[in-house]
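Coordinate inspection notes
Spelled out from the first residue to the last, the chains are:
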Amino acid sequence: MNRAAAAIFLVVVCSGCPKRIEFGPEGPIEDPEILFQRTSRAQANVLTLQGDAKIRVASPQGNGTLSMFVAISRPALVHLETSDFFNRPVAALVSDGQRFGLYQTEGNVFYQGPASAQNVSRFLPIVLPSEELVAMMLGQVPFIPAERKTLSLDTGKRVYVLTLHRGEVTQTLHIHPKYLRVVRSEVRGMPGYDLSFEDFKERGNQVFPTQVELVAEVAQTELRLRYSDVTLNGPPDLTLFELTPPEGARVVEVDERGREVPPVPPSPEGGPPGA
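Residues numbered from 1 in each chain as written. Predicted model: local features only at pLDDT ≥ 70, side-chain atom pairs only at ≥ 80, totals over all residues. Heavy atoms only, no water.

1. What to know about the overall build of the protein
When its secondary structure is counted, the protein shows four helices and 14 strands. With 275 residues in all, the protein has 40% of them scored as buried. Here the analysis covers contacts within the protein between residues at least 6 apart in sequence; of these, 48% occur between residues at least 24 apart. Surface accessibility of the protein: about 15500 Å² in total, with carbon and sulfur atoms responsible for 53%. (Helix = DSSP H or I, 4+ residues; strand = E, 2+ residues; numbered from the N terminus. Buried < 20%, exposed > 50% of the residue type's maximum accessible area, 1.4 Å probe, protein only. Contact = heavy atoms within 4.5 Å. Areas by Shrake-Rupley, 256 points an atom, 1.4 Å probe, with all protein chains shown as cover.)

This is how it looks when you write it as structure tokens:
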């Protein structure tokens, strides 16, 4: 066989070979508990995020894409501002983990109340507690409390497959073998949602997914978040999380379920409120 023929033969043979799996400096991990601990540490390294994003929503309530300014900090500080295609403000939501405020330009209304999952998720067609919303937007996965863990290696997809088991409930985690970051999470056996993370970028000592997707089959809802320009682990600007209604806005108090609370009538002079 001449050199040209040999070269062609090698190209044909190698084109059918699976790509080599690139592991981190620790090499392949075979213990599920060690992999879980290292993955937990890797994703916990991102504490704050501030920058711009696009959010696309597909749900029974409607479909659409909005530009969004994001400022979030673990465990539950949230500041979200959305604007339309023409960069006109639509709404702004703020939560300090205890209270929330939502300003809607349409109607010039400011809603405020406890930072329950129903209230903090008023931006979204799916209800998430503050801590889970922040974790998801930071590219992190909430884990079920596992009774046992099993581990395998998917050579075709080139990922670890770590499964957390709790009774009939399972959470299957596809984990990047080099970065030890979750690229997909699937919860089965209980109401929940699937998460996937793509387009990982190395930023100094951090590895961060610039695309996040949430799929909730029961709610028939999909969210896709794509970051364009963000800063990680910067000192949070605490003024962004202040709950101050804009001047002139109509203020509406809501309870933890998002229901409007009737205003307390003024008390007679010298009497208790509502007397």
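So much for the structure itself; the text now carries on.
2. Structural notes on the side chain of His79
Here His79 lies in strand S3 (residues 77–83). Of the residues examined, His79 reaches a relative accessible area of 7% and is grouped as buried. At a separation of 2.6 Å, a polar atom in the side chain of His79 contacts the side chain of Glu81. Once residues within four sequence positions are removed from consideration, His79 is found in contact with Phe69, Val70, Ala71, Leu93, Val94, Leu240 and Phe241. (Polar contact = N/O pair within 3.5 Å; in protein donor to acceptor, adjacent residues only side chain to side chain.)

3. Things to note about the environment of Ala42
Tracing the backbone through its elements, the reader meets Ala42 in helix H2 (residues 32–43). With 137 residues separating them in the primary sequence, Ala42 and Tyr179 have C-alpha atoms 7.8 Å apart. Look past the residues within four positions of Ala42 in its chain and what remains in contact with it is Tyr179, Leu180 and Arg181.

4. Comments concerning the pairing of strand S8 (residues 159–166)
With respect to burial, S8 is a largely interior element, seven of its eight residues being buried. Judged from the seven bridges that link them, strand S7 (residues 148–154) and S8 form a sheet pairing that is antiparallel. Looking at the pairing, Leu151 lines up with Leu162 of S8. Between S7 and S8, which pair antiparallel and follow one another directly, the connecting turn spans four residues, one of which, Arg158, has a positive phi of 60°. Connecting S8 to the antiparallel partner strand S9 (residues 169–175) that follows it, the hairpin turn spans two residues, and Gly167 within it adopts a positive phi of roughly 60°. (Pairing = 2+ DSSP bridges.)

5. Let's talk about the pattern of salt bridges
Counting across every chain of the model gives nine salt bridges. Between Arg184 and Asp194 there is a salt bridge, with its nearest N and O atoms 3.8 Å apart. With Arg184 in strand S10 (residues 182–188) and Asp194 in strand S11 (residues 194–203), the pair connects residues that are ten residues apart, well separated along the chain. Linking Asp194 and Arg188 is a salt bridge whose minimum nitrogen-to-oxygen distance equals 3.0 Å. Note on Asp194: relative accessible area 6%, which makes it buried. (Salt bridge = Lys/Arg side-chain N within 4 Å of Asp/Glu carboxyl O.)

6. Observations regarding the side chain of Gln211
In this fold, Gln211 is placed in strand S12 (residues 206–216). Beyond its immediate sequence surroundings of up to four residues, Gln211 is in contact with Ser196, Phe197, Glu198, Arg224, Leu225 and Arg226.

7. As for the packing of aromatic side chains
If you walk through the whole model with that rule in mind, you get four aromatic pairs. With centroids separated by 5.5 Å and ring planes inclined at 50°, the aromatic side chains of Phe208 and Tyr227 adopt a geometry described as tilted. Remark: Tyr227 occurs in strand S13 (residues 221–232) and Phe208 occurs in strand S12; sequence separation between them is 19 residues. Taken individually, Phe208 and Tyr227 each receive the classification buried, so the pair is uniform in this respect. (Phe/Tyr/Trp six-rings, centres within 6.5 Å; stacked < 30°, edge-to-face > 60°.)

8. Some words on the nonpolar core
In this structure, Leu49, Val70, Met137, Leu214 and Tyr227 are the most contacted members of the largest nonpolar core, which totals 60 residues. Once residues lying within four places of it in the same chain are set aside, the contact partners of Tyr227 are Leu49, Asp52, Ala53, Val70, Met137, Phe208, Pro209 and Thr210. Membership of the second largest hydrophobic core comes to five residues, among which are Ala71, Leu77, Val94 and Phe241. (Core = buried A, V, L, I, M, F, W, Y, C linked by side-chain atoms within 4.5 Å.)

Honestly, that's just the spatial picture; any functional story needs more than this.
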